[in-house]
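If you want the building blocks of each chain, they are given just below.
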Amino acid sequence: MRHGEVENPEGVLYGRLPGYGLSDLGRRMADRVADHLADRDVTRVVASPLERAQETAQPIAKQHGVDVATDERLIEAANVFQGRTFGVGDGALRRPGNWRHLRNPFRPSWGEPYIDQVVRMRSALDAAKDAARGHEAVCVSHQLPIWVLRCQVEGRRLWHDPRSRQCSLASLTSFTYLGDRIVSVGYAEPARDLVPPHLLPGAGRGRGPKGAKGFGA
């Protein structure tokens, strides 16, 4: 699961920074997904250590009578632009100081290599599967790590246009195992009607209506 909307009025690329928890809307998203999963056989809930993921996991864990476990491998991707505003149309791409970080979109040069994200995410996923073997686990993480893991499992290239990610706020990307092998991938958006339109898949990461910014991660 990707976490819900974050309280971020300044439009900062918050990355791994502490102090960015869910907004009121984000809490509604988390509650919606908890209701959606109420009848599922969930015996394990694990989350990234970041506040927004922990807060998203809480209502799901409460629904199923389990504690939220923390797995550092589910954390957001590292990014050199963390703490700054960085979006389409804000002039960031024209600043010479940023160019050295943008030289290789295939790795990518501005942050944690895609393949490193895949390795740690797959390890976390396998660990959750083992802990909930025969049942279901919910792992709460972040958009980019979830997306590159899905790309790897489905045999796609890891480098991509961020606007192509099918991983909206509070969405569920489901991996089904047969034994220790992933046999299918599913996707659902239980809180789609709560997601601001400019943050839905395909809408991009630039400014939305009335100056809103798409910096969710």
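Starting afresh in each chain, residues are numbered from 1 along the sequence in its written order. This being a predicted model, a pLDDT of at least 70 is required before a residue's local features are given, and a value of 80 or more before pairs of side-chain atoms are given or counted; all residues contribute to the totals for chains, interfaces and linings. Side-chain metrics rest on all non-hydrogen atoms present in the structure, leaving aside hydrogens and water.

### A look at the packing of aromatic side chains
For clarity, the threshold we go by: What counts as a ring pair is set by centres within 6.5 Å for rings of Phe, Tyr and Trp (its six-membered ring), and what kind of pair is set by the plane angle: stacked under 30 degrees, edge-to-face over 60, tilted for all other angles. Note on geometry: a ring has a charge over it if NZ (lysine) or CZ (arginine) is within 6 Å of the ring centre and within 35 degrees of the ring normal.
Inspection of every chain in the model, using the stated rule, returns 1 aromatic pair. Here Arg-157 stacks its cationic end above the ring of Trp-159, 3.8 Å away from the centre of that ring.

### Section: the packing of helix α1 (residues 24-36) against helix α2 (residues 51-64)
Heads up, the condition is: Here the axes come from fitting lines to C-alpha atoms, over the contacting stretch only for helices, and the angles between their N-to-C directions go from 0 to 180 degrees. Runs of E in the DSSP output that reach at least two residues are strands. Runs of H or I that reach at least four are helices, and both are numbered from the N terminus. For this classification, under 35 degrees means roughly parallel, over 145 means roughly antiparallel, 65 to 115 means roughly perpendicular, and everything else is oblique. Should the near helix be turned anticlockwise from the far one by less than a right angle, the crossing is left-handed, and should it be turned clockwise, the crossing is right-handed. Contact between two residues is taken to exist if any of their heavy atoms lie within 4.5 Å; hydrogens are not considered. For this classification, the nonpolar set comprises Ala, Val, Leu, Ile, Met, Phe, Trp, Tyr, Cys and Pro, the charged set comprises Asp, Glu, Lys and Arg, and every other residue, Gly included, is treated as polar.
Following both chains from N to C, one finds α1 and α2 inclined at 30 degrees, their axes separated by 8 Å at the closest point. Taken as axis vectors, α1 and α2 run roughly parallel relative to one another. Seen along the crossing, α1 lies across α2 with a hand that is right-handed. Side by side, α1 and α2 meet where Ala-30, Asp-31, Val-33, Ala-34 and Asp-35 of the first sit next to Glu-55, Thr-56, Pro-59, Ile-60 and Gln-63 of the second. The class makeup of the residues in the contact of α1 with α2 is 5 nonpolar, 2 polar and 3 charged.

### Focus: the sheet that holds strand β2 (residues 68-70)
We count it as follows: Between any two strands, at least two bridges found by DSSP are needed for them to pair.
On the basis of which strands lie adjacent, the open sheet formed by 3 strands has the order β2-β1-β3 and parallel pairing. Bordering the open sheet on either side are β2 and β3 (136-140), each of which pairs with just one other strand. On average, each strand axis in the sheet is inclined to that of its neighbour by 30 degrees, with strand direction left out of account. Bridging between strand β1 (residues 42-47) and β2 involves 3 bridges; their strand directions are parallel. Considered in β2, the bridge of Ala-47 is made with Thr-70. α2 rests against β1, β2 and β3 of the sheet, and its axis sits at about 165 degrees to β1.

All quantities given are derived from atomic positions and should not be read as evidence of function.
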